[in-house]
Amino acid sequence: IAAKRYNSSSYKINFNQSLYEKFSNTFQYVETDDQLKVIEDVKNDFLKKIPADRLIVGDVAFGKTEVIMRATFLAAKSKVQSVILVPTTLLSRQHFNNFKKRFNLFNIKIAEVSRLISNNEKNQIYNECNDGKIDILIGTHALLNDKLSFKKLGLIIYDEEQKLGTLQKEKFKEISPNAHVLALSATPIPRTLSMSLSGVRDLS
């Protein structure tokens, strides 16, 4: 899968500097130096023509979520869809509420799929996602449904990747080999860390 991805061309992600700064300014804290460095790493990944595969390691509550918010913002404003896979319903709902709050002013459509969402709602979300009407989809392993497809999936994010299974993580890469991938963890599994240290993946 890594080789197939390396030979793929990623979707173009554009930078509208003034719009990006407007979004960044809605962040209620001052960014740390490390946060700014990782955000730059991700922005540089987006400029490359091949899909990135980056592991972002940072302690809990050190601001990894802000990094992915800015990444998904840039993707959404480039008409590229993002998916965020998380291990628990609680984290899914937390992300969904936080993202909705931040993205509210910017005309970006966000949806969630977890056990808190009814089957009828899920089917509607799957249809909208397939039509490209959903920019950012957040959810648990409930996302690994064969009914789910995307019009233009260009960014895959795994949060708390150490709690997700390998096959779960590979599924979206198979669906969209040319999507950029970001994995977030405070304690990455040895296999993921090994791949990052050996150069198969990038490390921030």
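Please read all numbers here as calculations on a predicted model, not as lab measurements.

1. Observations concerning the nonpolar core
Piece 1. By size, the foremost hydrophobic cluster in this structure holds 32 residues, and its most contacted members are I84, F99, F103, I108, I110, I136 and L182.
Piece 2. Ignoring any residue separated from it by four or fewer positions in sequence, one finds F99 in contact with T65, I68, M69, T72, I84, I110, I136 and I138.
Piece 3. V113, I117, Y158 and L164 belong to the second-largest nonpolar core, a separate cluster that totals 22 residues.

2. Some thoughts on the packing of aromatic side chains
Piece 1. Across all of its chains, the model carries 8 aromatic pairs by this definition.
Piece 2. Both rings, one in F150 and one in F172, keep their centres 6.4 Å apart while their planes meet at 75°; by these two values the pair is edge-to-face. In this pair, F150 sits in the loop between β4 (136-139) and β5 (153-159) while F172 sits in helix α7 (residues 166-175), placing the two residues 22 residues apart along the sequence. You'll find F150 and F172 in the same group, each marked buried.
Piece 3. Ring pairing ties together the aromatic residues F23, F73, F99, F103 and F106, which thus form one cluster.
Piece 4. The residue whose ring lies beneath R102 is F23, and the NZ or CZ to ring-centre distance is 4.6 Å.

Cut-offs used in this document
Residues numbered from 1 in each chain as written. Predicted model: local features only at pLDDT ≥ 70, side-chain atom pairs only at ≥ 80, totals over all residues. Heavy atoms only, no water. Core = buried A, V, L, I, M, F, W, Y, C linked by side-chain atoms within 4.5 Å. Buried < 20%, exposed > 50% of the residue type's maximum accessible area, 1.4 Å probe, protein only. Contact = heavy atoms within 4.5 Å. Phe/Tyr/Trp six-rings, centres within 6.5 Å; stacked < 30°, edge-to-face > 60°. Helix = DSSP H or I, 4+ residues; strand = E, 2+ residues; numbered from the N terminus. Lys NZ or Arg CZ within 6 Å of the ring centre and 35° of its normal.

Geometric descriptors of this kind do not, in isolation, establish any biological role.
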